[in-house]
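In case you want the letters, here they are:
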Amino acid sequence: MKKISYISFFTATSIYLFAQTNTLQDSIKRGKVVYNKVCLSCHMADGSGVPKMNPPLTVAEYMNDKKKMISIVLKGMNDRIPIDDEYYSNAMAPHADLSNQQIADVLTYVRNSFGNKAGAVSVAEVAAVRTPAKPAAKSVSNNTINKKQ
Ligand code: HEC
């Protein structure tokens, strides 16, 4: 009996410790791997981008808006609008093939690198942008169907 309670104590402890290691630093570490593979070629290793082609990843307007950042990664960006008074000729392709975890990690990395200091992006926040909650379907009442024209 004593043995069983020891075992369950250790199981509970290791689950707790495992959850504890999933911290901001881990997300940043995983995000860097995604960044280097997917984003670096355009936005450069230091996030400074390429003048007139790819914007730097330090623009406050975007860094302050998690939803916008998530949406840009999921849907790409080809707006031809000035970003901090500069136009960028390249187009960013959508990266919807990345998992919600990968997008959360890569944006958490970006938001905590290149001089940025902003909050982490969670998997749930990415999921909410990828699949917005649908408004409840309107029920079609007989009244509407039989309404005389
Ligand atoms: C093919 C090159 C390319 C790749 C790869 C790319 N981007 Fe972009 N990104 C761009 C361009 C070009 C724009 C601006 C588009 C415009 O002006 O319409 C942009 C805009 C952005 C913006 C908004 C503006 C800003 O600077 O804050 C963010 C955030 C961003 N990209 C993040 C990422 C992340 C994260 C990845 C990797 C998952 C990535 N991009 C991969 C080219 C790229």
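Residues numbered from 1 in each chain as written. Predicted model: local features only at pLDDT ≥ 70, side-chain atom pairs only at ≥ 80, totals over all residues.

> Can you walk me through the overall build of the chain in this structure?
Along the backbone of the chain there are eight helices and zero strands. Classification of the 149 residues of the chain by burial places 18% in the buried group. Within the chain, residue pairs in contact and separated by at least 24 positions form 61% of the contacts whose partners lie at least 6 positions apart. (Helix = DSSP H or I, 4+ residues; strand = E, 2+ residues; numbered from the N terminus. Buried ≥ 20, exposed ≤ 12 C-beta atoms within 10 Å, placed from the backbone. Contact = placed C-beta atoms within 7 Å.)

> Teacher, can you tell me more about unusual backbone geometry here?
Both trends apply: most residues other than glycine have a negative phi, and most peptide bonds are in trans. The phi dihedral of Asp-85 is positive, around 65 degrees, even though this residue is not glycine. One non-glycine residue, Phe-114, lies in the positive phi region at around 55 degrees. Examined against the element boundaries, Phe-114 turns out to sit in the loop between helix H6 (100-111) and helix H7 (123-130).

> Sorry, what's going on with the nonpolar core here?
Buried together is how nonpolar side chains tend to be arranged in soluble globular proteins. Ranked by size, the top nonpolar core spans 15 residues in total, and within it Tyr-35, Ile-70, Ile-103, Val-106, Leu-107 and Val-110 carry the most contacts. Looking at this core, the elements with two or more residues in it are helix H2 (24-38), helix H5 (66-75) and H6. Here this core takes six residues from H6, the largest share from any one element. (Core = buried A, V, L, I, M, F, W, Y, C linked by C-beta atoms within 7 Å.)

> Please explain the site of the ligand as it appears in this structure.
The environment of the ligand is formed by 27 residues, the closest being Cys-39, Cys-42, Pro-55, Tyr-62 and Met-92. Of all the elements in the fold, those that place two or more residues in the shell around the ligand are helix H3 (40-43), H5 and H6. Classifying every residue of the shell around the ligand gives 19 nonpolar, six polar and two charged. (Near = placed C-beta within 6 Å. Nonpolar A, V, L, I, M, F, W, Y, C, P; charged D, E, K, R; others polar.)

> Help me out: how do you make sense of the environment of Gly-76 in this one?
The residue Gly-76 is located in the loop between H5 and H6 in this model. Here the alpha-carbon distance between Gly-76 and Ala-93, two residues 17 residues apart in the chain, equals 4.6 Å. Those residues in contact with Gly-76 that lie beyond four places of it in its chain are Ala-91, Met-92, Ala-93 and Pro-94.

> Before we go on, may I ask you to explain H2 in this structure?
For an α-helix, the turn length of 3.6 residues means that residues three or four places apart are oriented alike. Between its first and last C-alpha, H2 extends 20 Å over 15 residues, near the 21 Å set by a 1.5 Å rise per residue. Among the residues of H2, Ser-27, Gly-31, Val-34 and Tyr-35 are the ones counted as buried. The arc that holds every buried residue of H2, seen down its axis, measures 100 degrees, which confines them to one face. Opposite the buried face of H2, by more than 90 degrees, sit the exposed residues Gln-25, Asp-26 and Lys-37. (Expected span 1.5 Å × (residues − 1). Arc of directions from axis to C-beta.)

> Please explain H6 as it appears in this structure.
Here H6 is twelve residues long and its end C-alpha atoms lie 16 Å apart, about the 16 Å a rise of 1.5 Å per residue gives. Counting buried residues in H6 gives eleven out of twelve residues, a clear majority hidden from the surface. Contacts made by the buried residues of H6 are with H2, helix H4 (60-63), H5 and H7.

> Is there a simple way to explain the environment of Ala-104 in this structure?
Tracing the chain through its elements places Ala-104 in helix H6. What makes Ala-104 buried here is the crowd of 26 C-beta atoms within 10 Å. Considered as a pair, Ala-104 and Ala-127 are 23 residues apart in the sequence and their alpha carbons are 9.4 Å apart. For Ala-104, the contacting residues outside a window of four places in its chain are Ser-27, Val-121, Ser-122, Val-123 and Val-126.

> Looking at this structure, I do not really get the packing of H5 against H7. What am I missing?
Packed helix pairs are specified by the crossing angle of their axes together with the interaxial distance, meaning the distance between the axes. The N-to-C vectors of H5 and H7 enclose an angle of 65 degrees; their axes lie 10 Å apart at closest approach. With respect to H7, the element H5 is oriented roughly perpendicular. With respect to the hand of their crossing, H5 and H7 are arranged in right-handed fashion. Of the residues in H7, those touching H5 at Lys-66, Lys-67, Ile-70, Ser-71 and Leu-74 are Glu-125, Val-126, Val-129 and Arg-130. By residue class, the composition of the contact of H5 with H7 is four nonpolar, one polar and four charged. (Axes fitted to C-alpha atoms, helices over the stretch in contact; angles between N-to-C directions. Parallel < 35°, antiparallel > 145°, perpendicular 65-115°, else oblique. Left-handed = near helix turned anticlockwise from the far one by under 90°.)

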